[in-house]
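# What the coordinates show
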Amino acid sequence: MELRPAFRFNGFAVLLGWLVSTLLFGALAVLSLISVSKHDGGALAWAGAVLGVLGVVVVAALATGLIVVDPNEAKVVTFFGRYIGSVSEPGFFSVVPLSDRKSISLRVRNFETQKLKVNDADGNPVEIAAVVVYKVVDSFKAAFAVDDYEEYVETQSEAAVRHLATTHPYDAHDDSRTSLRDGAEVAEELTVELRERTLTAGIEVIEARITHLAYAPEIAQAMLVRQQAAQVVAARTQIVEGAVGMVALALDRLAEEGTVELDEERKANMVSNLLVVLCGDRATQPVVNAGSLY
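Predicted, not measured: the structure shown is a model, and the values here were computed from it.

### Observations regarding the overall build of the protein chain
- A tally of regular secondary structure across the protein chain gives seven helices and 10 strands.
- Partitioning the intrachain contacts of the protein chain with sequence separation of at least 6 by distance along the chain shows that 68% fall at a separation of at least 24.
- Roughly 18,400 Å² of accessible area belongs to the protein chain as shown, and the carbon and sulfur atoms make up 59% of that amount.

### Description of helix H4 (residues 149–167)
- Compared with an ideal rise of 1.5 Å per residue, which puts 19 residues at 27 Å, H4 spans 27 Å between its outermost C-alpha atoms and is within 8% of the ideal.
- Between the side-chain oxygen of the N-cap and the backbone nitrogen of Glu150 there are 3.1 Å, and the N-cap of H4 in question is Asp148.

### So, the packing of H4 against helix H5 (residues 183–198)
- Here H4 crosses H5 at 140°, and the two axes come no closer than 10 Å. For the element pair H4 / H5, the angle class is oblique. Note on packing geometry: the crossing formed by H4 with H5 is right-handed. From H4, Tyr152, Val153, Gln156, Ser157, Ala159, Ala160, Val161, His163, Leu164 and Thr167 reach across to H5, where they touch Val186, Glu189, Leu190, Glu193, Leu194, Arg197 and Thr198.
- Counted by class, the contact of H4 with H5 contains nine nonpolar, five polar and three charged residues.

### Some points on the environment of Phe12
- Residue position: Phe12 is located in helix H1 (residues 11–37).
- For Phe12, a relative accessible area of 56% corresponds to the exposed category.
- In this structure the C-alpha to C-alpha distance between Phe12 and Phe93, which are 81 residues apart in sequence, comes to 7.4 Å.

### Points about the packing of aromatic side chains
- Within this structure, the stated rule accounts for eight aromatic pairs.
- With a centroid separation of 4.6 Å and 45° between ring planes, the pair formed by Tyr83 and Phe140 is classed as tilted. Taken together, the positions of Tyr83 in strand E4 (residues 82–87) and Phe140 in helix H3 (residues 139–144) put the pair 57 residues apart, joining distant regions of the chain. Pair check on accessibility: Tyr83 and Phe140 agree, each one buried.
- Ring plane angle 70° and centroid distance 6.0 Å describe the contact between Tyr83 and Phe144, whose orientation is recorded as edge-to-face.

### Things to note about the environment of Arg107
- Here Arg107 lies in the loop between strand E6 (100–105) and strand E7 (109–112).
- For the pair Arg107 and Asn72, spaced 35 residues apart in the sequence, the C-alpha separation amounts to 5.5 Å.
- Sequence-distant contacts of Arg107, defined by excluding residues within four places in its chain, comprise Pro71, Asn72, Tyr134 and Lys135.

### Quick notes on the side chain of Ser94
- With respect to the element layout, Ser94 can be found in strand E5 (residues 91–94).
- Dropping the residues within four chain positions of it, Ser94 is found in contact with Phe7, Arg8, Phe9, Gly11, Val14, Gly65 and Leu66.

### Some details on H5
- Taking 1.5 Å as the rise per residue, H5 with 16 residues should run 22 Å; its terminal C-alpha atoms sit 22 Å apart, in good agreement.
- Within H5, burial applies to Val186, Ala187, Leu190, Thr191, Glu193, Leu194 and Thr198.

So, how was this worked out
- Residues numbered from 1 in each chain as written.
- Predicted model: local features only at pLDDT ≥ 70, side-chain atom pairs only at ≥ 80, totals over all residues.
- Heavy atoms only, no water.
- Helix = DSSP H or I, 4+ residues; strand = E, 2+ residues; numbered from the N terminus.
- Contact = heavy atoms within 4.5 Å.
- Areas by Shrake-Rupley, 256 points an atom, 1.4 Å probe, with all protein chains shown as cover.
- Expected span 1.5 Å × (residues − 1).
- Polar contact = N/O pair within 3.5 Å; in protein donor to acceptor, adjacent residues only side chain to side chain.
- Axes fitted to C-alpha atoms, helices over the stretch in contact; angles between N-to-C directions.
- Parallel < 35°, antiparallel > 145°, perpendicular 65-115°, else oblique.
- Left-handed = near helix turned anticlockwise from the far one by under 90°.
- Nonpolar A, V, L, I, M, F, W, Y, C, P; charged D, E, K, R; others polar.
- Buried < 20%, exposed > 50% of the residue type's maximum accessible area, 1.4 Å probe, protein only.
- Phe/Tyr/Trp six-rings, centres within 6.5 Å; stacked < 30°, edge-to-face > 60°.

Below, the structure is given as structure tokens:
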């Protein structure tokens, strides 16, 4: 069964008709009962009284179909266990009398999952949490496809976050892998997976994004040392690459301008000194050679 609009009338017109009908049938019942009490109406008076009372009862039953639908809300209408449609247009309406109506909010909602402890793709325990933004787009599925669509979304969100954490490492040590720290790519993957998981409940996931990501406390210190070492190695690599380029540039400029001619031994000595100066992490002490070059 699919979502469909419920048969409805304008509520104000039905309310006006209800008031007029109530007054007419009520007056008929009262006048007929008065006539019966005076013994001057006979069977006709009894018929009028019965008709008036039945009319009031029927009109009162019709009033049970009046509903008010707020903005960004849907009313799911069932009649003795049978789904007859939904009303999502805001306003005052009259639907099938004696029907049951269930309100479903169509507003955008968000919630944050609990901090989950999961092993990442490399087997390292990490703590991860995410925020999920969603809304109901199919009130029929939200009302009848699952027991509680809010609880369903929360459970599926935690399952999706766990699956995401187990398929990606916390840190990627090469460009061919996507890590949990790659915010945009991970958020897109999590959103797509959640959309597939919550489609059954008539839910549209607008966005899902990681809000908390950290190593578990028992390995956090060790991983911090590892990260610091990796950063030191990366920084040193960049320094060495820059220093080699500067040394090569210096040698080329000296050769082009003919400032000084250096043999291979002197070039090696110069390269060694420049690399020590450029790659060292402490300030160097200059030494002035007042003698000859050789």
